[in-house]
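Fold and contact review
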Amino acid sequence: MIGITDNKLQELGYPLDHCCFKPGMVQPAVVDGLTVYCSGAVPFDGDLLTHVGKVPSVVKPDDAYKAAALCAANCLRNARSVIGSLDRIERVLRVTGYVYSDADFSEQHLVINGASQLLSDLLGENGFHARTALGVAALPLGSSVEVEMILRLKHA
Amino acid sequence: MIGITDNKLQELGYPLDHCCFKPGMVQPAVVDGLTVYCSGAVPFDGDLLTHVGKVPSVVKPDDAYKAAALCAANCLRNARSVIGSLDRIERVLRVTGYVYSDADFSEQHLVINGASQLLSDLLGENGFHARTALGVAALPLGSSVEVEMILRLKHA
Amino acid sequence: MIGITDNKLQELGYPLDHCCFKPGMVQPAVVDGLTVYCSGAVPFDGDLLTHVGKVPSVVKPDDAYKAAALCAANCLRNARSVIGSLDRIERVLRVTGYVYSDADFSEQHLVINGASQLLSDLLGENGFHARTALGVAALPLGSSVEVEMILRLKHA
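Residues numbered from 1 in each chain as written. Chains lettered and ligands numbered in written order. Predicted model: local features only at pLDDT ≥ 70, side-chain atom pairs only at ≥ 80, totals over all residues. Heavy atoms only, no water.

Secondary structure assignment for chain A yields three helices and seven strands. Computed over C-alpha atoms, the radius of gyration of chain A comes to 15 Å, within 12% of the 15 Å expected from 2.2 N^0.38 for 156 residues, which places it in the range of a compact globule. Expressed along its principal axes, the backbone C-alpha trace of chain A runs to roughly 45 × 30 × 30 Å. Per-residue burial over chain A gives 61% buried out of 156 residues. (Helix = DSSP H or I, 4+ residues; strand = E, 2+ residues; numbered from the N terminus. Rg over C-alpha atoms; globule rule 2.2 N^0.38 Å. Buried < 20%, exposed > 50% of the residue type's maximum accessible area, 1.4 Å probe, protein only.)

Below is the structure:
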């Protein structure tokens, strides 16, 4: 079943079938009651990791912004693979965004705005969230950005 | 209304009006039932970012300790802007502290003690918390420290 | 009392008495209802920090994998010091793993698999979890790895 929010994610440019994280000892997301912990997601578009390398020396901040949006979409696609439909989301609680940064780069918050904007575009005020934006020394697969989030589901 | 704990924060040197994070798609804090997720806070004193640059080459660990305390105070001020009064806090659950670190600096835990000490001074044993202290390659605005926390509220 | 899971942790090579984090303003773990927030743990074996330095230039990835497993065991030992027995764990919700990384190292996920594998070996599918693996510029005490986790307890 494809819900209204699922459909909206597609319209925003993130096809639902460009998914996902294969479940194993690391799960795409874990549901605890009405809380969903999404695993950290890197900017895969299907099998292709779209943004690799440090910001800004290798990947420009504007491109990293797009990578952050894709990471957020992947968190949602990962969540959907577990909860069935994004229509079940009541709100986004917290987002943590990591930017593979040159040591003198200090605009991680602007990069991670790419994730925040997508969540707001998709869910309106329910997409607003607490957030931490960080610069890190390295990320898995050399990814330029990684995003994780915690979601709250509606009561059944 | 200014509660007992609010007043105590002021007495500890953190005026309540030196606040806050403007709410938007990133919120100062998000309340989920009795859980409060505070956004990562950097050491702003009003509009002034007090500690910028790597620890210890640019900012001394003793100064970064003060920055960590200010970050914690800002998390609390951010939370208060959402929950109304710090008197509503039952306890601090978790603190994560990030230090903009030279690669050979290994005393992040001592720096983040600045945040932990403030929470203990303010809330006694209810300010005790689980914690992770980390060194990061870069932080937004070049900030020397960033702190985020999760709080538990009292039953209404 | 030593429960079945406590005993299994010992059999996997992690004696229960090689513990712990001394409680103070930073707690080994904090329980909030049925949720347990474990503090970040570094690879201490008793008093000895077993893995110090960057991965892979100082510590090889295979060794860092072992360090990650030890960190996870320490999170569990820390949790046990608060909850009494690991038999009380219903499941692992989320793991965050930090690797002290050279800037061009991109296999943090493989290192943190050491933690994930231990949790799976100990708890089976209940040890599966959401996860984020990160490379950081520095860690407390120069530790090569740090792991934190959130656990869910069984209803009493």
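Here the focus is the side chain of Arg94 of chain C. Tracing the backbone shows Arg94 of chain C in strand E5 (residues 89-100). Within the structure, Arg94 of chain C has its side chain in polar contact with the side chain of Glu148 of chain A (distance 3.4 Å). Ignoring anything within four residues of it in the chain, the contact list for Arg94 of chain C reads Tyr37, Arg94, Glu148 and Ile150 of chain A, Arg94 of chain B together with His129, Ala130, Glu148, Met149 and Ile150 of chain C. (Polar contact = N/O pair within 3.5 Å; in protein donor to acceptor, adjacent residues only side chain to side chain. Contact = heavy atoms within 4.5 Å.)

Residue and element names in this part refer to chain B. The strand order E1-E2-E7-E5-E6 describes an open sheet built from five strands, whose pairing is mixed. In this open sheet, the two strands that pair with only one neighbour each are strand E1 (29-32) and strand E6 (130-136). Neighbouring strand axes in the sheet, compared pairwise and without regard to direction, differ in orientation by 15° on average. Examined bridge by bridge, strand E5 (residues 89-100) and E6 share seven bridges and lie parallel to one another. The residue of E6 that forms the bridge with Val95 is Arg131. Strand contacts of helix H2 (residues 61-83): E1, strand E2 (35-41), E5 and strand E7 (145-153), with the helix running at about 40° to E7, the strand carrying the most contacts. (Pairing = 2+ DSSP bridges. Axes fitted to C-alpha atoms, helices over the stretch in contact; angles between N-to-C directions.)

Each partner contributes residues to the interface: chain C has 29 residues there, and chain A has 24 residues. Across the chain C to chain A interface the summed buried area is about 2,100 Å²; carbon plus sulfur atoms make up 57%. Taken together, the links from chain C to chain A amount to two salt bridges. A salt bridge links Asp32 of chain A to Arg152 of chain C, with the nearest nitrogen and oxygen atoms 3.1 Å apart. Linking chain C with chain A are 12 residue pairs in polar contact (both at pLDDT 80 or more), by the criterion used here. Looking at the side of chain C that touches chain A, the elements with two or more residues in it are E5, helix H3 (108-123), strand E6 (130-136) and strand E7 (145-153) of chain C. Sort the elements by how many residues they give to the side of chain C that touches chain A and E6 of chain C lands first, with seven residues. For the side of chain C that touches chain A, the class distribution of residues is 10 nonpolar, 13 polar and six charged. (Buried area = accessible area lost by both parts, 1.4 Å probe. Salt bridge = Lys/Arg side-chain N within 4 Å of Asp/Glu carboxyl O. Nonpolar A, V, L, I, M, F, W, Y, C, P; charged D, E, K, R; others polar.)

The next subject is the relation of the copies chain C and chain B. Put simply, the second copy of the chain is the first one after a rotation about an axis and a shift along it. Expressed as a screw operation, the relation of chain C to chain B combines 0.0 Å of axial shift with a rotation of 120°, fitting to an RMSD of 0.0 Å. Interpreted geometrically, this transformation is the action of a three-fold axis. Little of the interface of chain C is mirrored in chain B, where only 17% of its interface residues again form contacts. (Least-squares fit on C-alpha atoms with pLDDT ≥ 70 in both.)

Note: strands within a sheet are paired through backbone hydrogen bonds, in either parallel or antiparallel orientation. Residue and element names in this part refer to chain C. With mixed pairing, five strands are arranged side by side in an open sheet as E1-E2-E7-E5-E6. The open sheet has two edge strands, strand E1 (29-32) and E6, and neither has a second partner. The mean angle between the axes of side-by-side strands here comes to 15°, regardless of whether they run parallel or antiparallel.

This paragraph deals with the pattern of salt bridges. All names here are of chain C. Scanning the model with the defined rule gives 12 salt bridges over all chains in all. Salt-bridge contacts for Asp6 lead to Arg80; the nearest nitrogen and oxygen are separated by 3.1 Å. In this pair, Asp6 is assigned in helix H1 (residues 4-11) and Arg80 in helix H2 (residues 61-83), connecting sequence segments 74 residues apart. We classify Arg80 as buried; its relative accessible area is 18%.

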